[in-house]
Amino acid sequence: MTHHAYVIGSPIVHSISPSIHNAAFAALGIDARYEAIEVLPAQLADWVRSKRSEDTLGFNVTLPHKIAVREQLDAVEGDGDLAGAVNTVVAQTVDGATRLIGANTDTVGFRRLLADEGGVHLGGQDVLLLGAGGGARAVALDALQDGAAHLWIANRHVERAWTLLTDLASASGRTQTDALPLQDGRARNLLERASIVINATSVGLASDECPIELAGIRPGSLAVDLIYNPAETAFLREARQRGARVLGGLGMLVYQAAAAFERWTGTEAPVRVMRMAAEFALAERGRR
Ligand code: NDP
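Just so it is clear, the model here is predicted, and its values are computed rather than measured.

### Quick word on the layout of surface pockets
Rolled over the atoms, a probe with the dimensions of a water molecule shows which regions are left empty.
Next, step 1: Its volume calculated, the largest pocket comes out at about 1,500 Å³.
Next, step 2: Lining the largest pocket are 45 residues; nearest its centre among them are Thr62, Leu63, Lys66, Ser202 and Leu205.
Next, step 3: Residue assignment for the lining of the largest pocket shows that the elements contributing at least two residues are β3 (56-61), α5 (134-145), α9 (250-265) and α10 (271-287).
Next, step 4: Across the lining of the largest pocket, the residue classes tally to 22 nonpolar, 18 polar and five charged.
Next, step 5: Estimates place the volume of the second largest pocket at around 150 Å³.
Next, step 6: Around the second largest pocket, the lining residues are Glu117, Tyr228, Asn229, Pro230, Ala231, Gly248, Gly249, Leu250, Gly251, Arg275 and Leu282.
Next, step 7: For the lining of the second largest pocket, the secondary structure elements donating two or more residues are α9 and α10.
Next, step 8: Grouping the constituent residues of the lining of the second largest pocket by class yields five nonpolar, four polar and two charged.

Right under this line is the structure:
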């Protein structure tokens, strides 16, 4: 039996996840196929129901379903539950009945990006997080779980940053937290204190714009952008020009995919193959 995995979202046509996962299945000789499926909010419940079958390994979830999908699942575990956002669903069939379990592998992906590519751990860091959407939820949870000294969340709609901090209160520990508007002098002033600044807004994805004026960024601090295409956003370019170290989001995409792959197959993910497939898919896209 050929098994199936998917990524659902809207829009989904630009996803490179099929290239990453199909390369991994091929490298390990696993008889499985991964497809990107356009699913509108009104179609979500029916689509999820249709995947309760023995040949489903699971699926990834992206915009705009990361929060809404929880209602369609049998359980949400670990970071998926704590972050309130699901990016991976694991299908488990026992005696003909398929249970769907939600998880969040963005948290693992971000942590591994910092550790493997930046040599950095969030413990004790002063973290300025720009954005309060689904990606920011995973980053904020990592910062709280790993014991950051401070976590400041700056978002265009500041009430969304407060909601995020309220939702994650149970993970807070000793981290001092605050929320503030993105376009505010206080956010710019915090650039001088932050040891890590993370762009988890979508600013820079479709335009060469930076979400915040970076004049005050600390030389030697680390700037991370969750965006992976373009590889160097305006945020990363300006941070680098001001003496910060920089990391793009491609590693996070690959590591979250590897964690999902391992949940679905019970097999160690071929991370190097997945990384090469991701880089190849982006280069192909750039040539079109
Ligand atoms: P969401 O739609 O959930 O959140 C978008 C965020 O961007 C919100 O904080 C929103 O602010 C902010 N934003 C959007 N437009 C503007 C604007 N014009 N000015 C200021 N702020 C703005 O998206 P996600 O969190 O899922 O994704 C955010 C980015 O992170 C995307 O580029 C995505 O590709 C990337 N990402 C990468 C991952 C990876 O594996 N590398 C994983 C997850 C995400 P507001 O709340 O005020 O609207």
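### Thoughts on the packing of helix α1 (residues 17-28) against α10
Next, step 1: Following both chains from N to C, one finds α1 and α10 inclined at 140 degrees, their axes separated by 8 Å at the closest point. The pairing of α1 with α10 is recorded here as oblique in orientation. Taken as a pair, α1 and α10 cross one another with a handedness that is right-handed. Residues Ser19, Ile20, His21, Ala23, Ala24 and Ala27 of α1 touch α10, and the partners they reach there are Val273, Met274, Ala277, Ala278 and Ala281.
Next, step 2: Residues belonging to the contact of α1 with α10 are distributed by class as follows: nine nonpolar, two polar and no charged.

### Regarding the nonpolar core
Next, step 1: Core analysis: the biggest nonpolar cluster contains 58 residues, and Phe110, Leu129, Leu151, Ile153, Ile198, Val224 and Met274 have the highest contact counts within it.
Next, step 2: At ten residues, the largest contribution of residues to this core is made by α9.
Next, step 3: Setting aside residues no more than four positions away along its own chain, Met274 makes contact with Ile20, His21, Ala24, Val254, Ala257, Ala258, Phe261 and Ala269.
Next, step 4: Core analysis: the second largest hydrophobic core is formed by 19 residues, Trp152, Leu180, Leu214 and Ala239 among them.

The rules behind the values
- Residue positions are counted from 1 within each chain, in the order its sequence is given.
- Only residues with pLDDT of at least 70 are given local features in this predicted model, and only at 80 or more are side-chain atom pairs given and counted; all residues enter the totals for whole chains, interfaces and linings.
- Here the side-chain values reflect all heavy atoms present in the structure, with hydrogen atoms and water set aside.
- Only protein atoms enter the 1 Å grid, on which a cavity is a set of points fitting a 1.4 Å probe that cannot get out and a pocket is an open set with protein on both sides within 12 Å along at least 5 of 7 lines, lining residues being those with an atom within 4 Å of a point.
- Grid points are joined across faces, edges and corners, and a volume is the space filled by probe spheres set on the points.
- Counting from the N terminus, the helices are the DSSP runs of H or I reaching at least four residues and the strands are the DSSP runs of E reaching at least two.
- Under the scheme applied, nonpolar residues are Ala, Val, Leu, Ile, Met, Phe, Trp, Tyr, Cys and Pro; charged residues are Asp, Glu, Lys and Arg; polar residues are all the others, including Gly.
- Axes, fitted as lines to C-alpha atoms, cover a helix only where it is in contact. Angles between the N-to-C directions of the axes lie from 0 to 180 degrees.
- Should an angle fall under 35 degrees it is taken as roughly parallel, and over 145 as roughly antiparallel, whereas 65 to 115 is taken as roughly perpendicular and any remaining angle as oblique.
- Take the far helix as your reference; a near helix turned counterclockwise from it by less than a right angle gives a left-handed crossing, and one turned clockwise gives a right-handed crossing.
- When checking whether two residues touch, look at their non-hydrogen atoms; a contact exists if any pair is within 4.5 Å.
- By convention a nonpolar core is built from buried Ala, Val, Leu, Ile, Met, Phe, Trp, Tyr and Cys residues, the set being connected through side-chain atoms within 4.5 Å.
- Only protein chains enter the accessibility calculation, which uses a 1.4 Å probe. A residue is then buried if its area is under 20% of the maximum for its type, exposed if over 50%, and partly exposed in between.

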